[in-house]
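Residues per chain are reported as follows:
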Amino acid sequence: MPFTPFALEEWQSRYEQTVTHDLADSGCHPVGLGELLGDDPEAIQRLLAIALHYPPVGGSDTLRGLIAAWHSAAPDNVLVTVGAAEANAITVASLVSPGDHVVVMEPGYRQVRGCALNAGADVDAFPLDPDHHWRPDLDALERMVRPDTKLIAITNPNNPVGTILTETEMDSITAAADRVGAWILADEVYRGTERLTDRITPSFWGRYDKTVCVGSLSKAFGLPGLRLGWLVAPPTLMDSAWRRHEYATISTSKLSMHLAETALAPATRDRLLTRNRTLIRDGYTRLQQWIDASDGLLSIVPPDATALGFVQYHLNHASLDVANALRARGNVLVSAGAHFGVENHLRITHGLKPDHLDAALDSIHRVLTELTRGT
Ligand SMILES: Cc1ncc(COP(=O)(O)O)c(C=O)c1O
């Protein structure tokens, strides 16, 4: 069976250290350690006093409680992992066997798709429809789901297009799964990155018994370097995910768990969400102005959430060629539409410091103009 590589992550790993402007990362400008601790001397002392032993492998009780509160779940439903990346991988490993049918949402972050293909599954994708503001094509989902469908994987809010599902859409997806007894894997790492409202996107948790929700400190909280994520699952799945977690990583780090307890404590949590939403809202305004000034070369369906713009370019070039030209000639790394299963788009991260973002957008504009002129 051929191995399906994770093209997006390979692209980022290969090139992110080689450019001046990295607009391919999918979160906001990261939070510094001092900023997380609020420059509080007592918090710094507590950090320095930590004994670097193995932590509780599934997460400390305090941390599991804080994560449970984020999803309105119980602490026993929470397993702390090395990022959402591990949570997605061990969920697929727990649920998917060779020959199973898996349905994913596209455009999408293609981790679950790749893990399912590598587990020998037959994978179909149901679209978010660009002609309908990237709303999910639920009729397509309904047609696709079949008696041997084991898993329906969605990302809400979506990466790369930023769609937030309505309650009605969530109910339809749940009903499609329930009809055949499939599991739902709801990747919810972008909850908390809403652009137009302060209301946190509802979680899939509690709507249907065969649901796994995945979360992380990497996006809404601005702390990807902690490599701390989680899954929220019913007991039937928890045992099997936990076993795989012990094989793969044993646990995330003690320091990360301690800092995650700080990040998710209510006062810090709200401070971090506000900080990152401000970056997202300001960054998107700058991105939109830049697109408006492009004389029809660029367009976008405004995203509901995330620090990402999925920008369409009206040029007859493959997205990987354009992304390579931006990298080589413009010193800017963006992700190509092809990395998400859609051509003629670039995913541009905008939740960054204004100077950094503006300089990078200028550089992208210069290279795109050269490509338009054929130079
Ligand atoms: C939808 C989605 N899920 C999971 C991940 C992995 O996140 P983490 O940094 O928590 O491993 C990403 C990272 O970009 C993502 O976009």
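These numbers come from a predicted model, not from an experiment. The residue numbers shown here count from 1 along each chain, following its written sequence. Local features in a predicted model are, by the rule used here, given only for residues with pLDDT of at least 70; side-chain atom pairs are given and counted only at 80 or more, and totals for whole chains, interfaces and linings are based on all residues. Here the side-chain values reflect all heavy atoms present in the structure, with hydrogen atoms and water set aside.

S.K.: Sorry if this is basic, but what is going on with helix α13 (residues 354-373) here?
M.R.: For α13, with 20 residues, the first-to-last C-alpha span of 29 Å sits near the 28 Å given by 1.5 Å per residue. What makes two residues a contact is simply this: any of their non-hydrogen atoms within 4.5 Å. Put simply, DSSP H or I for four residues or longer makes a helix, DSSP E for two residues or longer makes a strand, and each gets a number counted from the N terminus. On its buried face, α13 sits against β1 (21-22), α11 (266-292), β10 (298-300), α12 (319-330), β12 (332-333) and β14 (345-349). Of the residues one or two after α13, G374 is the one with positive phi, at around 75°. Take the residue count of a helix, subtract one, and multiply by 1.5 Å to get its expected span.

S.K.: For this particular structure, what's the right way to read the sheet that holds strand β7 (residues 183-187)?
M.R.: Within a sheet, neighbouring strands are paired by backbone hydrogen bonds and run either parallel or antiparallel to one another. Pairing between strands requires that DSSP locate at least two bridges from one strand to the other. What the eight strands build is an open sheet, ordered β2-β9-β8-β7-β6-β3-β4-β5; its pairing is mixed. Strands with a single pairing partner mark the edges of an open sheet, and in this sheet they are β2 (78-81) and β5 (135-136). Whenever a helix is involved, its axis is fitted only over the stretch in contact; in every case the axis is a line through C-alpha atoms, and angles between N-to-C directions fall within 0 to 180 degrees. Contacts from helix α5 (residues 83-95) reach β2, β6 (149-155), β7, β8 (211-216) and β9 (229-232) within the one sheet, and its direction differs from that of β9 by about 35°. In this fold helix α6 (residues 111-118) packs onto β3 (101-106), β4 (122-129), β6 and β7, with an angle of close to 160° to the strand it touches most, β3.

S.K.: Would you mind going over the site of the ligand with me for this structure?
M.R.: A cutoff of 4 Å decides nearness: a residue is near a molecule or strand if any of its heavy atoms lies inside that distance of it. Lining the immediate environment of the ligand, one finds 15 residues, of which A84, D187, S216, S218 and K219 sit closest. Within the contact set of the ligand, an oxygen atom lies 2.7 Å away from a backbone nitrogen or oxygen of A84. We define a polar contact as two N or O atoms separated by no more than 3.5 Å, with the added condition that, inside protein, one atom must be a possible hydrogen donor and the other a possible acceptor, whereas residues neighbouring each other in sequence contribute only through side-chain atom pairs. Between the ligand and R227 there is a distance of 2.8 Å, counted from an oxygen atom to a side-chain nitrogen or oxygen. Per-residue and other accessible areas follow the Shrake-Rupley method at a 1.4 Å probe size, with only the shown protein chains counted as cover for residues. In the complex, 95% of the free accessible area of the ligand, which totals 400 Å², lies under the protein chains. With four residues, the top contributor of residues to the shell around the ligand is α5.

S.K.: Is there a simple way to explain the packing of aromatic side chains in this structure?
M.R.: Geometry of an aromatic ring pair is reported as the spacing of the ring centres plus the angle between the planes. Two aromatic rings, drawn from Phe, Tyr or Trp (for Trp, its six-membered ring), form a pair once their centres lie within 6.5 Å of each other, and the interplanar angle then sorts them: stacked below 30 degrees, edge-to-face above 60, tilted otherwise. A complete count under the given rule lists five aromatic pairs for this structure. When the centroid spacing of 5.4 Å and the interplanar angle of 65° are considered together, the rings of W70 and F221 count as edge-to-face. With W70 in helix α4 (residues 61-71) and F221 in the loop between β8 and β9, the pair connects residues that are 151 residues apart, well separated along the chain. Exposure classes here rest on a 1.4 Å probe applied to the protein chains alone. A residue is buried below 20% of its type maximum, exposed above 50%, and partly exposed in between. Using a relative accessible area of 6% as the deciding quantity, one classes W70 as buried. Its relative accessible area of 1% is what places F221 among the buried residues. For a ring to carry a charge above it, either NZ of a lysine or CZ of an arginine must fall within 6 Å of the ring centroid while also lying within 35 degrees of the normal to the ring plane. Positioned over the ring face of W70 is R191, at 4.8 Å from the centre of the ring.

S.K.: Would you mind going over the side chain of E86 with me for this structure?
M.R.: You can see E86 is positioned in helix α5. Charge convention: Lys and Arg are scored as positive, Asp and Glu as negative, and His as well as the terminal groups of each chain are ignored. By definition here, a salt bridge exists when the distance from a side-chain nitrogen of Lys or Arg to a carboxyl oxygen of Asp or Glu is within 4 Å. Although E86 lies buried, it forms no salt bridge, and the closest oppositely charged side chain, R227, sits 8.6 Å away as judged by the N-O distance. One polar contact links E86 to T249, side chain to side chain, over a distance of 3.2 Å. Excluding residues within four positions of it along the chain, E86 makes contact with T81, H245 and T249.

S.K.: Is there a simple way to explain the sheet that holds strand β11 (residues 308-313) in this structure?
M.R.: Read across the open sheet, the four strands follow the order β10-β11-β14-β13; overall the sheet is antiparallel. The open sheet has two free edges, formed respectively by β10 and β13 (335-336), since each of these has just one partner strand. Contacting β10, β11 and β14, α11 runs over the sheet at an angle of about 140° to β10.

S.K.: I would appreciate a short explanation of the pairing of β11 in the present structure.
M.R.: Within a regular strand, the side chains alternate between the two sheet faces. The buried fraction of β11 is high, at five of six residues. As paired strands, β10 and β11 are joined by three bridges and run antiparallel to one another. Directly across from S299, in β11, lies its bridge partner Q312. Where β11 lies against β14, five bridges are found, and the strand directions are antiparallel. Considered in β14, the bridge of F310 is made with R347.

S.K.: Honestly, the pattern of salt bridges in this entry has me stumped. Any pointers?
M.R.: Side-chain pairs of opposite charge can arise where the charged atoms are in close proximity. This structure, assessed with the given rule, holds 19 salt bridges. Between E106 and R113 there is a salt bridge; the shortest N-O distance is 4.0 Å. Looking at E106, the relative accessible area reads 12%, which means it is buried. For R113, a relative accessible area of 25% translates into the label partly exposed. Measuring nitrogen to oxygen at the nearest pair gives 2.8 Å for the salt bridge that ties R329 to E370. Of this pair, R329 sits in helix α12 while E370 sits in helix α13; the two residues are 41 residues apart in sequence, bridging distant segments of the chain. The exposure class of R329 is partly exposed, given its relative accessible area of 38%. Given a relative accessible area of 21%, E370 falls into the partly exposed group. Ionic contacts of the salt-bridge type, sharing partners, join the residues E167, D171, R199 and R207 into one network.

S.K.: Teacher, can you tell me more about the packing of α4 against helix α10 (residues 254-264) here?
M.R.: Geometrically, a packed helix pair is captured by the angle between its two axes and the distance between the axes. The N-to-C vectors of α4 and α10 enclose an angle of 40°; their axes lie 9 Å apart at closest approach. One finds that α4 runs oblique with respect to α10. Judged by the twist between their axes, the crossing of α4 over α10 is left-handed. Listed contacts from α10 to T62, L63, L66 and I67 of α4 are M257, A260, E261 and L264. Note that Gly is not counted as nonpolar here; it falls among the polar residues with everything else outside the nonpolar set of Ala, Val, Leu, Ile, Met, Phe, Trp, Tyr, Cys and Pro and the charged set of Asp, Glu, Lys and Arg. The residue inventory of the contact of α4 with α10, partitioned by class, reads six nonpolar, one polar and one charged. An angle below 35 degrees is treated as roughly parallel, one above 145 as roughly antiparallel, one from 65 to 115 as roughly perpendicular, and anything else as oblique. Helix crossings get a hand from a simple test, with the near helix turned counterclockwise from the far one by less than a right angle marking a left-handed crossing and a clockwise turn marking a right-handed one.

S.K.: Even after reading the chapter, I still don't get the UniProt feature "domain: Aminotransferase class I/classII large" (unreviewed entry) in the protein, so can you show me in this structure?
M.R.: Here, UniProt's "domain: Aminotransferase class I/classII large" (unreviewed entry) annotation points to residues 53-364. As annotated, residues 53-364 comprises 41% helix and 19% strand, and the C-alpha atoms at either end are separated by 47 Å. UniProt positions are given in the numbering used here, feature names are shortened, and annotations may be inferred rather than shown by experiment.

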